[in-house]
Protein chains: 2
Amino acid sequence: MPAVITVIAGGVGAARLLAGLVQVHPSADLTVVANVGDDLELGGLHISPDLDTITYTLAGTINPETGWGLADESWQAMDTLARYDGATWFRLGDRDLGTHLYRTQRLAEGAPLSTVTAEITAAWGLELTLLPVTDDPLRTMVTVAGEQAEIGFQEYFVQRRHSVAVSAVRFQGAAAATPGPGVLAAVADADVVVIAPSNPIVSIDPVLAVPGVRQALEDARPRTVAVSPIVAGAAVKGPADRLLRELGHAATVVGVAELYAPVAAVLVIDEADAALRGAVEAEGMRCIVAPTVMTDPAAAAALGTTVLDAFTAD
Amino acid sequence: MPAVITVIAGGVGAARLLAGLVQVHPSADLTVVANVGDDLELGGLHISPDLDTITYTLAGTINPETGWGLADESWQAMDTLARYDGATWFRLGDRDLGTHLYRTQRLAEGAPLSTVTAEITAAWGLELTLLPVTDDPLRTMVTVAGEQAEIGFQEYFVQRRHSVAVSAVRFQGAAAATPGPGVLAAVADADVVVIAPSNPIVSIDPVLAVPGVRQALEDARPRTVAVSPIVAGAAVKGPADRLLRELGHAATVVGVAELYAPVAAVLVIDEADAALRGAVEAEGMRCIVAPTVMTDPAAAAALGTTVLDAFTAD
């Protein structure tokens, strides 16, 4: 199996695949380049949802009821905030708040997000390297169809429950951002690069929008395998299918292949989409058909094996 | 009894006296001008300890074990923060965090501290008016004897447990601060002004340091009664006695009288200090001797009656 693996990651789908990879290949030198476009400032706190979802999932302490946040969570702070009619649309659990307090303290002290992230993953005993794609501010901004003002990603995703049509997505700060320490090297040096089954528009694209990262992925294309987050024309979780359609793409594995063909040689699609293998290959990607829906740890492990083996037949 | 009462307040001692006043004179038009010199920013949150102690005490929801924070508190956020070796010297309970999150959200939206404070006290059903002495930044800075750099008040009070000698106290921002809305009028219009038994150096002095407030108190001197926080040469709570000594004052009711004579006509001292009545009066203040240690609500109510009656014999 490949020794050095780098995963381009959003939140939940990426976290599950990472758990599968760790399970089947515990000795791998595993680096994650993660999206920070859905970070937000709330009540003075710096919140990094994708970094936390990955950390908590790999630590085995993700909240099983919500899919985000910490297990054994309580909500006393939110109850007090509700007494004041404060903004409670983004739910901050009491345990989880400790992470946001720590991150915000350290950033205020001048530590870069990458350093703070390394401290947090170390505290949870993670052995992988979790790299925010950039230490600079990067914010995914969403234009809701028919509205003038952009809203932040979490306002779209959580506050509006992604139930509104989107006419544009923009990555604020991307042009001025530089890749975080180790990001470009992690892509260049990997035996295999994996694009996780995350939302292509709002989880993977903001990573690629940081100058230098898309080029690094293009250079690594022969060693890069992507997993489609679209199965049978629908997102496994979240609004990826609608976002693809609203922004002019096909909400199918073929639409995913169009987006990823410049940066990945291989696309893993679900067995439900086996009939589209030829159409994917027509986009210039080799196509692997396999179970991709990670309903349990065994399924995640199986998908981990699939991506690790993606280039062994070459 | 006087109809309009204004109390110059620090934290715990003031909160207890206020609870006594509300008990014996529920129909009073009661305004509190409170210290914000011990506010701090921590982990991105704006924390106003004296405002919260007063609010929670009057709401009947103060934590009886600690004397600050909320009752029925949990500490999950602190437990997570401790996992990261974060700064846990200032303990933020989970319920309490909701207040800090709300205040910080609203300040970030541009609401002044006075507005946010009114919203918070309304949410707890308080009928008094709680006014931060200023909406501007005001920070009590402490120089520890033998050290060069100043530290914030809470670093002295909580982190170092006020167990170090102090060589100077400074109110950063005071010169540029303006009194909050209603502050000067509350002093000018009161039938009786009460200086609560708070620390003269670090609770009352920062209030007086806001330009205009000391003059307003001097103008109201004939109607102003102070309660000594020093009983039998010691602070009822906290480091007031040591601070008085370290900064060149007598740590007795006479030292307190020297400080308050320009702004208050009457000083209430404890029965334990009855022998010092003459020395207090020699400082130019009328002296009332009464029980002042608020060990329970009945004692607080009795002290409330004492200050309300301070001018009835005139």
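Coordinates for the structure precede this section.
Residues numbered from 1 in each chain as written. Chains lettered and ligands numbered in written order. Predicted model: local features only at pLDDT ≥ 70, side-chain atom pairs only at ≥ 80, totals over all residues. Heavy atoms only, no water.

## Focus on the side chain of Asp96(B)
All names here are of chain B. Selection rule: Strands are runs of DSSP state E lasting at least two residues, helices are runs of H or I lasting at least four, and both sets are numbered from the N terminus onward. The buried label goes to any residue with under 20% of its type's maximum accessible area, the exposed label to any with over 50%, and the partly exposed label to all in between, with areas taken from a 1.4 Å probe on protein chains only. Positive: Lys, Arg. Negative: Asp, Glu. His and the chain ends are not part of the count. Each salt bridge in this description consists of a side-chain nitrogen of Lys or Arg and a carboxyl oxygen of Asp or Glu lying within 4 Å of one another. Each polar contact in these results corresponds to two N or O atoms within 3.5 Å; when the atoms are within protein, one needs to be able to donate a hydrogen and the other to accept it, and residues that are neighboring in sequence are counted only if both atoms are side-chain atoms. Contact between two residues is taken to exist if any of their heavy atoms lie within 4.5 Å; hydrogens are not considered.
In this structure, Asp-96 sits in helix H4 (residues 94–108). In this structure Asp-96 is buried but unpaired, with Arg-103 as the nearest side chain of opposite charge at 6.9 Å. At 3.0 Å, the side chain of Asp-96 forms a polar contact with the side chain of His-100. Setting aside its immediate chain neighbours within four residues, Asp-96 contacts Asp-52, Tyr-56, Leu-70 and Glu-73.

## Overview of the sheet that holds strand S6 (residues 139–144) of chain A
Residue and element names in this part refer to chain A. Going by this rule: Paired strands, in this sense, are two strands between which DSSP finds at least two bridges. Whenever a helix is involved, its axis is fitted only over the stretch in contact; in every case the axis is a line through C-alpha atoms, and angles between N-to-C directions fall within 0 to 180 degrees.
As summarised here, the arrangement of the 3 strands in space is S7-S6-S8, forming an open sheet in which the pairing is antiparallel. Only two strands of the sheet have a single neighbouring strand rather than two, namely strand S7 (150–152) and strand S8 (166–172). Between one strand and the next, the sheet's axes are offset by a mean angle of 30°, whatever the strand orientation. Sheet analysis places S6 next to S7, joined by 3 bridges and oriented antiparallel. Residue pairing across strands places Met-141 opposite Gly-152, the latter belonging to S7. Contacting S6 and S8, helix H8 (residues 200–208) runs over the sheet at an angle of about 25° to S8.

## Considerations on the interface of chain B and chain A
Using the following cut-off: By convention, the term buried area covers the 1.4 Å-probe accessible surface removed from two parts as they join, with the contributions of both added. Residues are grouped as follows: nonpolar covers Ala, Val, Leu, Ile, Met, Phe, Trp, Tyr, Cys and Pro; charged covers Asp, Glu, Lys and Arg; every other residue, Gly included, is treated as polar.
With 30 residues of chain B at the interface, the matching set in chain A holds 31 residues. Of the roughly 2500 Å² buried at the junction of chain B and chain A (both faces included), carbon and sulfur atoms supply 62%. When the buried surface of chain B facing chain A is broken down by residue, Tyr84(B), Leu101(B) and Gln105(B) rank first, second and third, together holding 25% of it. At the surface where chain B touches chain A, the tally comes to 16 residue pairs in polar contact (both at pLDDT 80 or more). If you list the elements that add at least two residues to the side of chain B that touches chain A, you get helix H3 (76–83), H4 and helix H5 (113–123) of chain B. By residue number, the principal contributor to the side of chain B that touches chain A is H4(B), which donates 9 residues. The residue inventory of the side of chain B that touches chain A, partitioned by class, reads 14 nonpolar, 10 polar and 6 charged.

Everything listed here is a matter of coordinates, which is why it stays silent on function.
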